[in-house]
Amino acid sequence: MAPLLLEEATVLDVRAGRLLPDQRVVLREGRIARLEPMEAPAPEAQAPGVRVLKVRGLTLLPGLIDAHVHVMAWTANLRELSNASPHYNALCAAQIMREMLRRGFTTVRDAAGADFGLKRAVEEGLLEGPRLYICGRALSQTGGHGDVRGPGEEALQTVSSPVAFGRVADGVPEVRRAAREEIRRGADQLKLMLGGGIASPTDRLTNDQFSREEIAAAVEEAEMADLYVMAHAYTARAVNRALEAGVRSIEHGNLIDESSVERFLRYGAWLVPTLVTYQALAQEGVTAGLPREVAHKIDLVLDKGLAALELAYRAGVNLAYGTDLLGSMHRHQLQEFTLRAQVQPNLEVIRAATLYAARLLRAEGQLGELVPGAYADLIAVAGNPLEDLGVLTQPERYLQLVIKGGRVYLEAIPPPSGQLGKTA
C-alpha cells in the first residue's frame, strides 16, 4: 500500500480536546506513521505511487466507533432472522456494514449475531465494512431476552441457529459450555442477557435473568480467555447484580439509580446507553418489523434513558457510544450524537465514540485517536464538531472523507483545479 499524505489539515486531538491547525498526517501500511506541522519535511512525498490529498478547511478526527450494533439485524423481528437463510442474512449484513462505514463508523462492536465468518470477510476485504468486534451468540436463560420462541413453541434449533442472536443455556455447566463455545468460535467478548428486553416475546422488561452463580461462571470463563462480559440490563437491580458479579460493560441501563452509579465507579465498569433506538422504535418500530405484541414495552424505558445518562455522566461513570438499531432504523445511527448532546458537552459525546469506546474495546492507542502507530482510521468533515455536532450527524452534507486501515472508502473533497489530489 503506497503512502497517503493528508496535508493542510485541522486535526481534532480528542484526548486534549483541541484543534491542531495546518497539520500533515502521514499514513503508511495501514497505520498512522506521523502527525506533524506542514513545515516539517515529508520525504514520502517523493516516493513512487504516493498520494497527497489537500484537506484545507476540513477537520480530521478518528474514525467513529459504535460499541453496540447488530449488523445482522435487517429486521426488528428477531424471529425472522432466526428462520431466514444464513446466506441472505449475511448479504443483508454486508449492506448494513457498508452503510455504517460510509457514515464514518470505522469500528463497531456487534452485540449478538455477527460471527467469525463475517469478521473474516471484512478483514480480507471481501466486503466493505467497519472493523468488527464480535460476541457471536448472546447467552440467555430459557425464556430470557435471547430466547425468541413464543409461548407455544418448543424447538430451539432453526436454519440460522449457528449465527442466531442468542443461545439458551441453563445452569452453571451449560453456561460454561456455551461461553467456551462462543470463545472457540472467535468471540472478542461474551454477552449475557441479564434482564428482560423489548423484542423478546415471553419475558417482562423488569425480569432478572440468570442466577448469580451462572453470571459468575460466564465472567470467569471470559477472564480465563482474557476477554470480558457485556450484559443487556435495564433495571438498577439487574445492573447491580451484573456489576457485583464482574460484568465489565452494561448495555442500555435506562433504569439505573444512585446505587448503580456507586457500583459502576467502584468496579470501573462501563455503561453503553443506546438512546436513539428507543426513539426510533417508538416512531417506526412496528413498521420495521417489531411485533405489535411487544411494542408496548418501549414505553417503560423511552423517557428514562436521558436521565440515566445524565446521572451517570455527572458522577463520572465510563461512557461509550452505542445505538442498538434494527432493520430500517440503522439509518438513524448518527442521531445518538444529537440526543447525548442534550446532557453532555460536544467533546464528551465525541470522545464516547472515539477515545472512550477504544478504551472499552481494550484498543487504546490502536483506535479512537490520531496518534503514531494507531490504525489509519479517520474521517474528515466540513466544519468544527466541537462547536456543531451537526457536521457529524449529516454525512450527506458534511462528511468528505472516510479512511479505514489506510484505504479510502469515501472521498468527496472538492478537487483543486479539477484534479482529485495529486500523485507523485
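Heads up: these notes are all about the structure in this document. The residue numbers shown here count from 1 along each chain, following its written sequence. In keeping with the model being predicted, local features are shown solely for residues with a pLDDT of at least 70 and side-chain atom pairs are shown and tallied solely at 80 or more, while totals for entire chains, interfaces and linings include all residues. To obtain the side-chain values, all non-hydrogen atoms of the structure were used and water was disregarded.

## Notes on the overall build of the protein chain
Spelled out, the test is: Helix and strand definitions here come from DSSP, where helices need a minimum of 4 consecutive H or I residues and strands a minimum of 2 consecutive E residues; each element is numbered from the N-terminal end. With a 1.4 Å probe rolled over the protein chains alone, any residue whose accessible area is under 20% of its type maximum counts as buried; one over 50% counts as exposed, and the rest are partly exposed. Two residues form a contact once any of their heavy atoms are found within 4.5 Å. All accessible areas in this document rest on Shrake-Rupley with a 1.4 Å probe, and a residue is counted as covered only by the protein chains that are shown. Here Asp and Glu are counted as negative and Lys and Arg as positive; His is not counted, and neither are the chain ends. To locate a charge, the coordinates of NZ of Lys, CZ of Arg, CG of Asp or CD of Glu are taken.
Scanning the protein chain for helices and strands turns up 16 helices and 19 strands. Relative to its 424 residues, the protein chain shows a buried fraction of 61%. Sequence separation of 24 or more characterises 69% of the internal contacts of the protein chain that already satisfy a separation of 6 or more. Approximately 16,500 Å² of the protein chain is accessible, and the part contributed by carbon and sulfur atoms is 50%. Separation between the mean location of the 46 positive side-chain charges and that of the 52 negative ones in the protein chain comes to 2 Å.

## Topic: the sheet that holds strand β8 (residues 131-133)
Note the cut-off: Pairing between strands is defined by DSSP: at least two bridges between the two strands are required. Only the stretch in contact is used when a helix axis is fitted, and all axes are lines through C-alpha atoms; the angle between N-to-C directions ranges over 0 to 180 degrees.
Reading across the sheet, the 3 strands line up as β6-β7-β8 and stay open at both edges, with parallel pairing between neighbours. At either end of the open sheet lies a strand with only one pairing partner, and these are β6 (64-69) and β8. The mean angle between the axes of side-by-side strands here comes to 20 degrees, regardless of whether they run parallel or antiparallel. In the sheet, β6 pairs with strand β7 (residues 105-110) via 4 bridges, with the strands oriented parallel. Across the sheet, the residue bridging to L64 is F105, located in β7. Docked against the sheet, helix α2 (residues 86-101) engages β6, β7 and β8, running at close to 135 degrees with respect to β7.

## Section: unusual backbone geometry
Even without a glycine there, the phi angle at F210 is positive, about 70 degrees. You can see F210 is positioned in the loop between β11 (190-193) and α5 (212-224). Positioned with a positive phi, D226 is a non-glycine residue whose angle comes to about 60 degrees. Tracing the chain through its elements places D226 in the loop between α5 and β12 (229-235).

## Points about the nonpolar core
Threshold: Side-chain atoms within 4.5 Å are what join buried Ala, Val, Leu, Ile, Met, Phe, Trp, Tyr and Cys residues into a set we call a nonpolar core.
One finds V71 and I250 to be the most contacted residues of the largest nonpolar core, which totals 117 residues. A per-element tally of this core places α2 first, with 6 residues. Discounting residues that sit within four places of it in the chain, I250 has contacts with A231, A233, V239, A242, L243, F264, W270, L271 and V272. Formed by 20 residues, the second largest nonpolar core is a distinct cluster that contains L4, L58, L378 and I403.

## Some remarks on the packing of aromatic side chains
Applicable threshold: Centres within 6.5 Å are what make two rings of Phe, Tyr or Trp a pair, Trp counting through its six-membered ring; a difference in plane orientation under 30 degrees is then read as stacked, over 60 as edge-to-face, and the rest as tilted. Lysine NZ or arginine CZ positioned within 6 Å of the ring centre and within 35 degrees of the ring normal marks a charge as sitting over the ring.
As enumerated under the stated definition, the model contains 4 aromatic pairs in all. An angle of 40 degrees between the planes, with centres 5.9 Å apart, marks the rings of F105 and Y321 as tilted. Of this pair, F105 sits in strand β7 while Y321 sits in the loop between β15 (318-319) and α12 (335-340), placing them 216 residues apart in sequence. For F105, a relative accessible area of 0% puts it in the buried group. Judged by relative accessible area, Y321 falls into the buried class, the value being 0%. Ring centres of Y321 and F337 lie 4.6 Å apart, and the angle between their planes is 40 degrees; on these two criteria the pair is classed as tilted. Remark: F337 occurs in helix α12 and Y321 occurs in the loop between β15 and α12; sequence separation between them is 16 residues. Through a chain of ring-to-ring contacts, the aromatic side chains of F105, Y321 and F337 assemble into a single cluster. A cation over a ring is seen here: R31 above Y375, with NZ or CZ 4.0 Å from the ring centre.

## Concerning the packing of helix α4 (residues 172-184) against α5
Note the following rule: Should an angle fall under 35 degrees it is called roughly parallel, over 145 degrees roughly antiparallel, and 65 to 115 degrees roughly perpendicular, with every other angle called oblique. In a left-handed crossing the near helix is turned counterclockwise from the far helix by less than a right angle, and in a right-handed crossing that turn is clockwise. When residues are grouped by polarity, Ala, Val, Leu, Ile, Met, Phe, Trp, Tyr, Cys and Pro land in nonpolar, Asp, Glu, Lys and Arg in charged, and all others, Gly among them, in polar.
Where α4 contacts α5, the axes come no closer than 9 Å and their chain directions differ by 30 degrees. Judged by the angle between their axes, α4 and α5 are roughly parallel. Every pair of crossing elements has a handedness; the one defined by α4 and α5 is right-handed. Contacts from V172, V175, R176, A179, R180 and I183 of α4 reach α5 at E213, E214, A217, A218, E220, E221 and A222. Of the residues assigned to the contact of α4 with α5, the class counts are 7 nonpolar, no polar and 6 charged.

## Things to note about the environment of Q400
Structurally, the position occupied by Q400 is in strand β17 (residues 399-404). Note: C-alpha distance between Q400 and V55 (345 residues apart in sequence) is 9.2 Å. Contacts of Q400, omitting those with residues within four sequence positions, involve L58, A380, A382, L410, E411, A412, I413 and P414.

## With respect to the pattern of salt bridges
The condition is simple: In the sections that follow, a salt bridge refers to a side-chain nitrogen of Lys or Arg positioned within 4 Å of a carboxyl oxygen of Asp or Glu.
Applying the stated rule across the entire model yields 34 salt bridges. Notably, a salt bridge pairs E8 with K54, separated by 3.6 Å at the nearest N-O pair. In this pair, E8 is assigned in strand β1 (residues 4-13) and K54 in strand β4 (residues 51-54), connecting sequence segments 46 residues apart. Linking E128 and R98 is a salt bridge whose minimum nitrogen-to-oxygen distance equals 3.9 Å. Note that E128 is positioned in the loop between α3 (116-123) and β8 and R98 in helix α2, a separation of 30 residues in sequence. For E128, a relative accessible area of 23% puts it in the partly exposed group.

## A word on the pairing of strand β16 (residues 378-382)
Where burial is concerned, most of β16 is hidden: 4 out of the 5 residues are buried. With 5 bridges connecting them, strand β5 (residues 58-62) and β16 associate as antiparallel partners. Across the sheet, T59 pairs through a bridge with V381, a residue of β16. When β16 meets β17, the two strands line up antiparallel, connected through 4 bridges. Of the residues in β17, the one forming a bridge with V381 is L399.

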